[in-house]
Structures are given as C-alpha cells and as structure tokens.
Amino acid sequence: MSLQCPPRQLLTLRNWWARSRRKPVAKDCSRIEWTCACGHDLFADFNTKSQDALNKYTAILKHTPNGNSRSNTSQPPTTILTSPPTAHFQPPNVSNSPRQHAHDPSNLTPASTLQTLSMTTKNGLDLSFLELCVNTGPHLKSLAEIDTANISTDGTLFQALRKQYLRLRGFRSRFWLLKPAAISFVRFSLENRHRVGILQKPLALPPKSEVDAKNWIYDPCPLDGDPPIAEDLFLHYLQCSEGPGTLFWMLRFPRKLETSLLKSAALASFGWGIHIDEGPDFAALFKANFIVVLLSGIAAGLWSLFEHDFQGAFGFACWVIAVLNSLLMAYMFKWRQE
C-alpha cells in the first residue's frame, strides 16, 4: 500500500473525470470548491444557513499553501487574505445567525481567520488528544493518540495521522494489498489501554454536555448535521503529500481534553475518535494480476518455442493463473476477518 498522490500529469484528466461524477448539491446544502496544494480539485457540502459563515469557510479552504513547509514570503499570514474569494456554492433559502463559539471560523474576519486559528492552538490553552482507531488483526483494533497541542495546520495533523496509521498497521501496510477505504467517527471502549471495541458508528460525536464539562472539544458544537469532515476529503488528505497549510478541519474533530486515554489507570475507558477501515487496493490487485498473467504468457511462449509443446505450455500458464486467483480469494477472505 502506498499513501501518495498520483503524478501531477494525470491531474487534469482526473479532475475533469471527478467533476463529471460529482453528485448534485443536496437540498438545503451549500457547496464550496477549492484546489488542494497537490493540484486536486476538492469540494465540501455544508448545512449551515449563514451566508457569512460560508464566505469565511471559503476564505479558509481556498487558502491552500503547502501545509508541510513554511511560506517563502516575508509577509505575515494575515496579509495573504484581504477579502474572501468568491464562493462556488448554491446558497440555501433560509438565513440564520451563526452560533457564537470562541474558536469558530465563522466568527472571524477573513483577514484574521488564519492567524487567529493558528494562535489558538499554538498558545496551548487546551491540551487535547485526537483518538485514532486502526484495525491491527482479526477482530482486533488498536488505539493511537495524537497530541494536538503543537499542531498548527491541518497538513501537520494529517502527517501525524498517516504516521500513526502506518505504525499501527505495521508490515500489513507494506505487504498486504490494502489501503484506507472508509472512515467513521465512533464511540469506543478501551480495555487495558490497548484493546478497542467500537460501540457506535458511523457518526458518533461527544454530546454537548461533555463539551460543556470540558471533557471533550470540537467546534462548532453541534455541527448542524454535518460530519466533521467528508470521508473522501479525509482519505485524500491522508495520502496527500502537500496537506493544507490552514487550520480548519482539526477544530471540527472531537478531541479529548487534558488527560490521555492511553495513560488512564482505569480498566475500561470510553471515548470518541476516528476509525480508519481498510479495503482492497484494486489498482494494486490489477497490477499484480496483470504482471502474473504477462509473465505466465511469456513463460508459456518460451516453453512452446523450445519444447514444441503448445498444449503443455498454455496448460502451465492456466495453472499459474488459477493459483494466483486462489491466493487472491484467500487474501480477500482473510481481509474480511479484520
């Protein structure tokens, strides 16, 4: 499995194909479109009815410097955005005032949004941990925690998520033909600080009482019926080598405040986090199958040429292909056990 974006040469055709297959905007939703630093065209649909909030979300999402490197300009971040870009969305008919939250991007002016969001995290006002659940064996899931106190961009966050995911998956991430295929926001139990049990999915978030009690945090709370992030966006940023240089999505993720679940002395703890589920990497499976078929055909041709045994040669080739398909079936069966 390789967590990398495809070459830029393929992006124009791929972006056109992706745009042609997009679902229409759902009723009462607004769509924002932007281009990732890696060149992919992305979009997100929001249920918020506030035109002002949508404009400010657009200002953040359309500002896409490389999240893994520092800007070469000597100007401060606040000079990058002087006014919100034109949003590509279909505004809903209803207009309500946005909720007032201390770190809600919709409460910030476009010019100060990026600086304020970054300072909120860098100041370390709240020690918080993002919980990540990963499949590590048959009927076994493990937990990783990401300390978000020193994370100031979404790009840095997704780098940390990718590192922890690959660490927990171990050799499976390199030798098994699997890749991240789906995510869920889950409520889970943690036994003996390592064994995870999924209790609720696919969109389980801490109730407002937990946020008010300062046990958990995500902003805004509640999320107006939206998930913290769309599944396809999460999977894209997980494999993207040039993540966003702004701080937007992390603030929407549920995070544990003050204390780490992995350091808890309790026999069983409960929390909320992100579960990454794997699926077959069909591109890798196709390549493996194509290479084996090609090599078996070459071997059969050479056998027929030198041994003058056409039937024996292609009988051998068919045997090789049958063995390959049997191995792939066994692999698929084993994957479904995880």
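Structure: above.
Not measured: the values here are computed from a predicted model.

Caption draft 1: The arrangement of the overall build of the protein chain in detail. Across its full length, the protein chain carries ten helices and nine strands. Buried positions account for 44% of the 338 residues belonging to the protein chain. For the protein chain, the proportion of contacts with a sequence separation of at least 24, taken over those separated by at least 6, is 74%.

Caption draft 2: Main features of the pattern of salt bridges. Per the counting criterion, the structure on display carries six salt bridges. In this structure, Glu-278 and Arg-169 form a salt bridge, with 3.9 Å as the shortest nitrogen-oxygen distance. Of this pair, Glu-278 sits in strand 9 (residues 268-280) while Arg-169 sits in helix 4 (residues 154-169), and the two are 109 residues apart along the sequence. In this pair, the class of Glu-278 matches that of Arg-169, namely buried.

Caption draft 3: Seen up close, the pairing of strand 9. Most of strand 9 is tucked away, with ten of its 13 residues classed as buried. Where strand 3 (residues 128-137) and strand 9 come together, three bridges link them in parallel fashion. Bridge pairing in strand 9 links Cys-133 to His-275. Where strand 5 (residues 178-191) lies against strand 9, 13 bridges are found, and the strand directions are antiparallel. Residue pairing across strands places Val-186 opposite Gly-273, the latter belonging to strand 9.

So, how was this worked out
- Residues numbered from 1 in each chain as written.
- Predicted model: local features only at pLDDT ≥ 70, side-chain atom pairs only at ≥ 80, totals over all residues.
- Heavy atoms only, no water.
- Helix = DSSP H or I, 4+ residues; strand = E, 2+ residues; numbered from the N terminus.
- Buried < 20%, exposed > 50% of the residue type's maximum accessible area, 1.4 Å probe, protein only.
- Contact = heavy atoms within 4.5 Å.
- Salt bridge = Lys/Arg side-chain N within 4 Å of Asp/Glu carboxyl O.
- Pairing = 2+ DSSP bridges.

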